[in-house]
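So the chains spell out like this:
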Amino acid sequence: MWVKVAVHVLCLLPFLYLLEKYHNGSLALEADPVNFLTHFTGDWALWMLLACLAITPVRRLNASLNWLVRLRRMVGLYAFFYATLHLLIYVLLFSGYDMSAAIEGARAGRLLDPLRQLMTIWPSMLDDLEKRKFIQVGLLAYLILLALAVTSPQRVLRWMGGKNWQRLHRLIYLAGAAAVIHFWWLVKSGVRTPWKDTAVLVVLLAARLAYWAVKRWRKPAVV
Amino acid sequence: MLLRAKKAHEIASSEITPQATVEAFHQMRRSRRDLLKGLGSVGAAAMLGGFATAAEAETALKVVSTNYKVSDRETTPAAKAKNYNNFYEFGTDKGDPARNAGKLKTRPWTVKVEGLVKKPQTIDIDTIMAYRPIEERVYRFRCVEAWSMVIPWDGYSLSEFIKAMEPLPSAKFVQFISDDDPKVMELPSGIEFPYSEGLRMDEAMHPLTLLTFGSYGQTLANQQGAPIRVIVPWKYGFKSAKSIVRIKFVDKMPSTTWNDMAPDEYGFYSNVNPSVDHPRWSQAHERLLNTNSILPKIVPTLPFNGYANEIGAMYAGMDLRKNF
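Residues numbered from 1 in each chain as written. Chains lettered and ligands numbered in written order. Predicted model: local features only at pLDDT ≥ 70, side-chain atom pairs only at ≥ 80, totals over all residues.

## Overview of the overall build of chain B
Then step 1. Broken down by element type, chain B carries nine helices and 13 strands.
Then step 2. Of all 324 residues assigned to chain B, the portion counted as buried reaches 45%.
Then step 3. Sequence separation of 24 or more characterises 71% of the internal contacts of chain B that already satisfy a separation of 6 or more. (Helix = DSSP H or I, 4+ residues; strand = E, 2+ residues; numbered from the N terminus. Buried ≥ 20, exposed ≤ 12 C-beta atoms within 10 Å, placed from the backbone. Contact = placed C-beta atoms within 7 Å.)

Here you go:
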């Protein structure tokens, strides 16, 4: 039990750091707060996703680590949490949405102003989605995480049946790949910043392949 | 005493520099060199005009003001302009240059002028700085990444310097090559260094194009491209080469770093143009970074970054969609 609490705290630390940065004013002193928030939440969404993908290979190293599996859903949901922040920041701060105008309007009693802002920016967001591969692949990763988050409660698992549930949740590999590709496609050509995350993902996926291959080799398929 | 510093916009690019200016320039260089030899460079530089004596510290510049102001936008706080820099030699994160550029030594520093000029030569930075009164010009600064600042730059028109160099009539382009010292720079792999940028001759000779030594009344911080860079306010920021060590006059369009790496994303001209999108984002708007608020200030991007009138007919007849 205390492990779960500890993991909750750990996973919330980046978010608490953001709140503190907002509270003490250092966020506003960032040269480009929007850019900072975008990258910060994007990084942590990806890192949580990688942490989630690391649980199974680490667990397989030794039977005494089996308890780790109980943390997997939680870490996955935190990946979804940071990805949601990332998406919200894109929509409300990055895409051209005029947050100041929306807030001002709402304060002046024009409660539809925030919505009007959204309507204004909608075409350019669709344009982004239509034209830009890194947005498409990023949205794909998000939609997968959304589907996994929605189906994460025990009750849904029972309702879906274990086999179906597992099939759906294997999409997390695709989400991991899509997230890393999103990263590669958004940096300038020549910039190799995403290589570390890519290496981690490749190792985690390769560990699964190796495990699967060894299992097959040890226990030949039943004829 | 050199010629009176004219207001930059009074100078037509076709105007020919009187020989006296050039003579004076070389005379000054000679006397300065002798003095430096005699006194040791630091003391001499300090005596001669109070320019930077320490390598890294930003020191106050003596500047004269000009008519170049930005009336409709507030100036960006200096701390923002000096902590958010694309200077990939010092790392690819925009905070990296401020963290890493301290190692760059900006004295002694020379600029090698070569190629199609009458007198190829290597000139000391303090000589270049003392050649003309340093003006403070407030310019809009638009990054290709769709953010912008408003920055007071200190320097004089590049055209003044170029005229003194006497380029040959065959010189059609100017290439700027930045420092690439592996001892002090990160030089991330994947990008070819030294950084190279270039301008067409008429762009380089345009009075708006500023040979820049400082900002906010101080010498440039290392992360801004100290001790000498150019600022071309109607183009995306990456066109404005930093920490220049060589200026080369050439007859063909020079190869430039970002254009070489991704020609579909970064054109040679890269004039600020709201109607030509970057493949990965729209250029119609920009995030104006000139307040200490976390909420973005989003403003429409102006053709030629708001300098369309000054630019005049320079690109007349050119398809700016093709030549983006």
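## Description of the overall build of chain A
Then step 1. Each helix and strand counted, chain A has 11 helices and zero strands in total.
Then step 2. Element order for chain A, N to C, with α for helix and β for strand: α-α-α-α-α-α-α-α-α-α-α.
Then step 3. With respect to the three principal axes, the spread of C-alpha positions in chain A is 70 × 40 × 40 Å.
Then step 4. Taken across its 223 residues, chain A has 26% of its residues classed as buried.
Then step 5. If you take every contact in chain A between residues at least 6 apart in sequence, the share linking residues at least 24 apart comes to 64%.

## Some points on the pairing of strand S11 (residues 244-250) of chain B
Look at any regular strand and the pattern is simple: side chains alternate between the two faces of the sheet.
Residues and elements named next belong to chain B.
Then step 1. By the bridge criterion, four bridges tie strand S2 (residues 110-115) to S11 in an arrangement that is parallel. The partner of Lys112 across the bridge, within S11, is Arg246.
Then step 2. Of the strand pairs in this sheet, strand S6 (residues 173-178) and S11 are connected by six bridges, and their pairing is antiparallel. By the bridge assignment for S11, Phe176 is matched with Ile247. (Pairing = 2+ DSSP bridges.)

## Description of the interface of chain A and chain B
Then step 1. Contacts between the two partners involve 23 residues from chain A and, on the opposite side, 21 residues from chain B.
Then step 2. Those elements giving two or more residues to the side of chain A that touches chain B turn out to be helix H2 (26-29), helix H3 (33-61) and helix H5 (99-107) of chain A.
Then step 3. The element that contributes the greatest number of residues to the side of chain A that touches chain B is H2 of chain A, accounting for three residues.
Then step 4. Of the residues contributing to the side of chain A that touches chain B, the split by class is 12 nonpolar, six polar and five charged. (Nonpolar A, V, L, I, M, F, W, Y, C, P; charged D, E, K, R; others polar.)

## Some points on the packing of helix H4 (residues 72-94) of chain A against helix H7 (residues 133-150) of chain A
Residues and elements named next belong to chain A.
Then step 1. At their nearest, the axes of H4 and H7 sit 10 Å apart, and the two run at 135 degrees to each other. Here H7 runs oblique to H4, going by the angle between their axes. As H4 packs across H7, the resulting crossing turns out to be left-handed. Contacts between H4 and H7 involve Gly76, Leu77, Ala79, Phe80, Ala83 and Leu87 from the former and Tyr142, Leu145, Leu146, Leu148 and Ala149 from the latter.
Then step 2. Of the residues contributing to the contact of H4 with H7, the split by class is 10 nonpolar, one polar and no charged. (Axes fitted to C-alpha atoms, helices over the stretch in contact; angles between N-to-C directions. Parallel < 35°, antiparallel > 145°, perpendicular 65-115°, else oblique. Left-handed = near helix turned anticlockwise from the far one by under 90°.)

Everything listed is a geometric property; what it means functionally is a separate question.
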